[in-house]
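# Secondary and tertiary structure notes
Below, each chain spelled out in residue letters.
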Amino acid sequence: MSHELRTPLSILCGEIDAIKAGIRTFNHIQLISLEQEVLRMKHLVDDLYELSLSDVGGLRYHFQRVNVSESLQSTLNSMATSLQDKGLTLQSKLQPEVYLSADMLRLEQLFINLLMNSMAYTDSLGVIDVRLSQQNKTMISTINDTKPSASIEECEHLFEPLYRQDSARTRRGSGAGLGLTICKNIVEAHDGTIKAIPSPQGRLCIEVQLPMHRESL
């Protein structure tokens, strides 16, 4: 994490020094540049805080009967504009009336993190395909996105904190690699499983399985 924070801090210090030395003029453009680095650090710190809470069981969960179909559809609607702005096509097939014993806010956080991850690592003009179904007593949700994909070896590490590897799937983006780790903790708090697998046509598939009724209830 110190390595991740060092980059925006170094950029901030460099730009401030250049302004103080008169090399750069402090104007609206420079202000926006400084703001971007501050927001990047805030994002990193917020992610670290969420991760630390989820690691120690500090995230509060309020389980209730949730219509997952409505929750996921609402999340897709809220992110439609962002996906369109990046030139991505959203496809979805959600089985209606899928109910689950879950914390609605954490479930929405899970879906948002997964969709933002797909959006960040899918080439422009690509496709993100979201599916939701109920099989026996299990809810199954999959998010398939088009290239670039990841190798089987990379998929085994994608949910580890701060995991980075020099591949098309992992080297881009300014995040700290904490979003998927938080997703994993949320899923496990619901007694479920999450995994990433390469899929055809250069896709990456993230699959979440959650029991309709938690064993700990």
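The structure under discussion appears in the preceding block.
What this report covers is the structure whose coordinates are included nearby. Bear in mind that the values here come from a model prediction, so they are computed numbers and not experimental data.

Rules behind the numbers
Residues numbered from 1 in each chain as written. Predicted model: local features only at pLDDT ≥ 70, side-chain atom pairs only at ≥ 80, totals over all residues. Heavy atoms only, no water. Helix = DSSP H or I, 4+ residues; strand = E, 2+ residues; numbered from the N terminus. Expected span 1.5 Å × (residues − 1). Bend = angle between axes of the 7 residues up to and from the residue. Buried < 20%, exposed > 50% of the residue type's maximum accessible area, 1.4 Å probe, protein only. Contact = heavy atoms within 4.5 Å. Pairing = 2+ DSSP bridges. Axes fitted to C-alpha atoms, helices over the stretch in contact; angles between N-to-C directions. Phe/Tyr/Trp six-rings, centres within 6.5 Å; stacked < 30°, edge-to-face > 60°. Lys NZ or Arg CZ within 6 Å of the ring centre and 35° of its normal. Polar contact = N/O pair within 3.5 Å; in protein donor to acceptor, adjacent residues only side chain to side chain.

What follows covers helix α3 (residues 68-85). An ideal rise of 1.5 Å per residue puts 26 Å on 18 residues; α3 measures up with 26 Å between its terminal C-alpha atoms. A bend of about 45° at Met79 is the largest found in α3. Among the residues making up α3, those that are buried are Val68, Ser69, Ser71, Leu72, Thr75, Leu76, Met79 and Leu83. Of the surrounding secondary structure, the elements contacted by the buried residues of α3 are β1 (64-67), β2 (89-94), β3 (99-102), α4 (104-120), β4 (127-135) and β5 (138-145).

Neighbouring strands of a sheet are bound in pairs by backbone hydrogen bonds; such pairs are parallel or else antiparallel. If you trace the five strands from one edge of the open sheet to the other, you get β2-β4-β5-β7-β6, paired in mixed fashion. In this open sheet, the two strands that pair with only one neighbour each are β2 and β6 (193-199). Adjacent strand axes in the sheet meet at a mean angle of 15°, parallel and antiparallel pairs treated alike. Inspection of the sheet shows β2 paired to β4 by six bridges, in the parallel sense. Within β4, the residue paired with Lys93 across the bridge is Arg131.

Here β4 pairs with β5 via eight bridges, running antiparallel. Bridging from a neighbouring strand, Ile128 pairs with Asp145 of β5. If you look at the hairpin formed by β4 and β5, you'll find two residues sitting between the two strands, and Asn136 has a positive phi there, around 55°.

Our next topic: the packing of aromatic side chains. Going through the model one piece at a time under the given rule, you end up with one aromatic pair. Judged by centre distance (5.8 Å) and plane angle (15°), the ring pair of Tyr61 and Phe63 falls under stacked. Here the basic side chain of Arg65 rests over the ring of Tyr99, its NZ or CZ set 4.0 Å away from the ring centre.

Here we take up the environment of Gln209. By secondary structure assignment, the location of Gln209 is in strand β7 (residues 203-211). Among the residues examined, Gln209 registers a relative accessible area of 27% and is labelled partly exposed. In the structure, Gln209 is positioned 14 residues away from Lys195 in sequence and 9.0 Å away in space, judged by C-alpha atoms. For Gln209, the contacting residues outside a window of four places in its chain are Thr138, Met139, Ile140, Val187, Gly192 and Thr193. Separated by 3.0 Å, the side chains of Gln209 and Glu207 make a polar contact.

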